[in-house]
Amino acid sequence: MMPVLGYWFGIAWLDAILRLAVIAGVMTVVVIFLTYAERKVIARVQQRLGPTRTGPAGLLQGVADALKLVLKEDLRPTTADRWVFELAPFMVFVPVFLTFVAVPFTRDLGVRFLSLGLFYIVAVSSLNIVGFIMAGWGSDNKYALLGGVRAAAQMISYEVPLVLTVLGVAMVASSLDIRVITERQDVVPYIVWQPLAFVVFIIAGLAEMNRTPFDIPVAESEVVGGPTVEYSGIRWSFFQLAEYSSLFVLSALGADLFLGGYIWPFGSNPPGWLQLILILVKTSFMILMIFWVRATFPRLRIDQLMSYCWKVLIPVTVAQLFFNGLVLVYRWPDILLLVFSGALLVGATAATAVAVRRAARRPRDAQAVRDRRLQYARGA
Amino acid sequence: MSSLFANWVAVLFGSIIGTLLVAVALVGNRLLAPRDPGRMKGTSYECGMLPIGRAEGNIHVRYYLFAILFLLFDVEAAFLFPWAVVFRSIGAFAFWEMTLFLAILMGGLAYAWKKGVLRWS
């Protein structure tokens, strides 16, 4: 383990390059095995075996896929907008890579511990929306264009509840430094004080990554893969790499913000190896939960997911900010944070359930009802 | 060397290394992969048929409405971040000030909701 404020070789910029190189390597390996793990987990949920042929228990499947992608011919439609098309993978991948800069994995392990870390991650991670629009527009493909604008609409909408939930945590911790937020959770992790924030964080995170059940922008059966239709081989693999790296970052961030990161439940200063194990276990828990969601839930329609965001998530997260402020500013007991947040979570769930049930009872649209009434009236 | 420089130089190099990562992979692909462009390979995919027209249609107005709403909330979020850190040390005044601000914003959302902006179809 390195000393807390020490830089490798004592030179800040060299240290930054080396740490980023390590992150780049680790990230690639993690993503290769995450794709394998996802296929395996979903296969087991659906009572299949998943990959078994490449290496022992199919462990090398991800490596084989990566090799195939590098060796595949790179195609670009002749009518595509060349530079927009070619720069889109950069624009999608680089912001995700940049988020790694501010995520603390243990007390000493991370690239940098920014005092504005949370703000930085939220700001940078929203940049890759531009990449999806570029991919959609530049491909000169109708499916890609439709997928691109849908991705943009969905990602900007779910950005708002995501920001408001991490703000809730920042209010309780009075800091934007992720390491400080984590270390305030040595006794009680923030999932206890802010259950609503945790749930909304996962939901909005799924939508930000275009994952099931919010995968309408990249749905194969509807827009044949969305913005990435025309991308093949190595270019396509950067969209994939970006998705799985952001899955990893989001899980690590969720573990740091809500589950007590590398601290809880072993007091304020567990040994370094234990911190690493804690963060790995919690991150894996988050990742497995997200895989589980993908294996279980059906896809939402775009009108459903947009109105869910604007009519349910945003009002309840704003309400949570208000109640957090009330409790914190008047120094009411902390337990009230849990009471308000939990009540809002129950209320939001109940409201959603009622709305879904009412929508299920209501016929598709009013015109169909009128047509049917007309048919009855004619005696058909 | 200030810690400000030490911290943000990592962000600078992060963007450079991230870009290089993609560029190197693209060059590697150029060297390793076969290249055999053909006329049909260069058409964009449209269910296996020849594409009809260009994909440069108009985008429905509802996307813009959501984008405008998002802008309001995003500006508000940028305003909330510093507030969330310091409001406890300022006290009740800062809290009620921000509550008023949020109330006006939610009033706007309610108005948009009532006007049917949030209805997708």
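Residues numbered from 1 in each chain as written. Chains lettered and ligands numbered in written order. Predicted model: local features only at pLDDT ≥ 70, side-chain atom pairs only at ≥ 80, totals over all residues. Heavy atoms only, no water.

Chemist: Would you mind going over the packing of aromatic side chains with me for this structure?
Modeler: The geometry of two aromatic rings is summed up by the distance between their centres and the angle between their planes. All chains considered together, the criterion is met by 24 aromatic pairs over all chains. Plain terms: the ring middles of Phe323(A) and Phe340(A) are 4.4 Å apart, the flat faces sit at 10° to each other, and that makes the pair stacked. One end of the pair, Phe323(A), is in helix H13 (residues 302-329); the other, Phe340(A), is in helix H14 (residues 335-361), and 17 residues separate them in sequence. Overall, Phe323(A) belongs to the partly exposed group, its relative accessible area being 23%. Its relative accessible area of 23% is what places Phe340(A) among the partly exposed residues. Consider the rings of Phe79(B) and Phe101(B), whose centres lie 5.2 Å apart with planes at 80°: the pair is edge-to-face. Here Phe101(B) lies in helix H3 (residues 92-114) and Phe79(B) lies in helix H2 (residues 61-90), a separation of 22 residues in the sequence. A relative accessible area of 47% places Phe79(B) in the partly exposed class. Cluster of aromatic residues (ring-pair linked, three or more members): Phe322(A), Phe323(A), Phe340(A), Phe95(B) and Trp96(B). (Phe/Tyr/Trp six-rings, centres within 6.5 Å; stacked < 30°, edge-to-face > 60°. Helix = DSSP H or I, 4+ residues; strand = E, 2+ residues; numbered from the N terminus. Buried < 20%, exposed > 50% of the residue type's maximum accessible area, 1.4 Å probe, protein only.)

Chemist: Could you clarify how one ought to interpret a nonpolar patch on the surface in this entry?
Modeler: On the surface, a cluster of nonpolar side chains totalling about 890 Å² of accessible area is made up of Val29(A), Phe33(A), Leu59(A), Leu60(A), Val63(A), Leu67(A), Leu71(A), Val27(B), Leu31(B) and Leu32(B). Elements with a contribution of two residues or more to the nonpolar patch: helix H1 (12-45) and helix H2 (61-71) of chain A together with helix H1 (3-32) of chain B. Relative accessible area serves as the criterion here: at 32%, Val63(A) is assigned to the partly exposed category. (Patch = residues over 30% accessible without salt bridge, like charges linked within 9 Å, V, L, I, M, F, W, Y side chains within 5 Å. Areas by Shrake-Rupley, 256 points an atom, 1.4 Å probe, with all protein chains shown as cover. Salt bridge = Lys/Arg side-chain N within 4 Å of Asp/Glu carboxyl O.)

The values reported here are purely geometric and, on their own, carry no functional implication.
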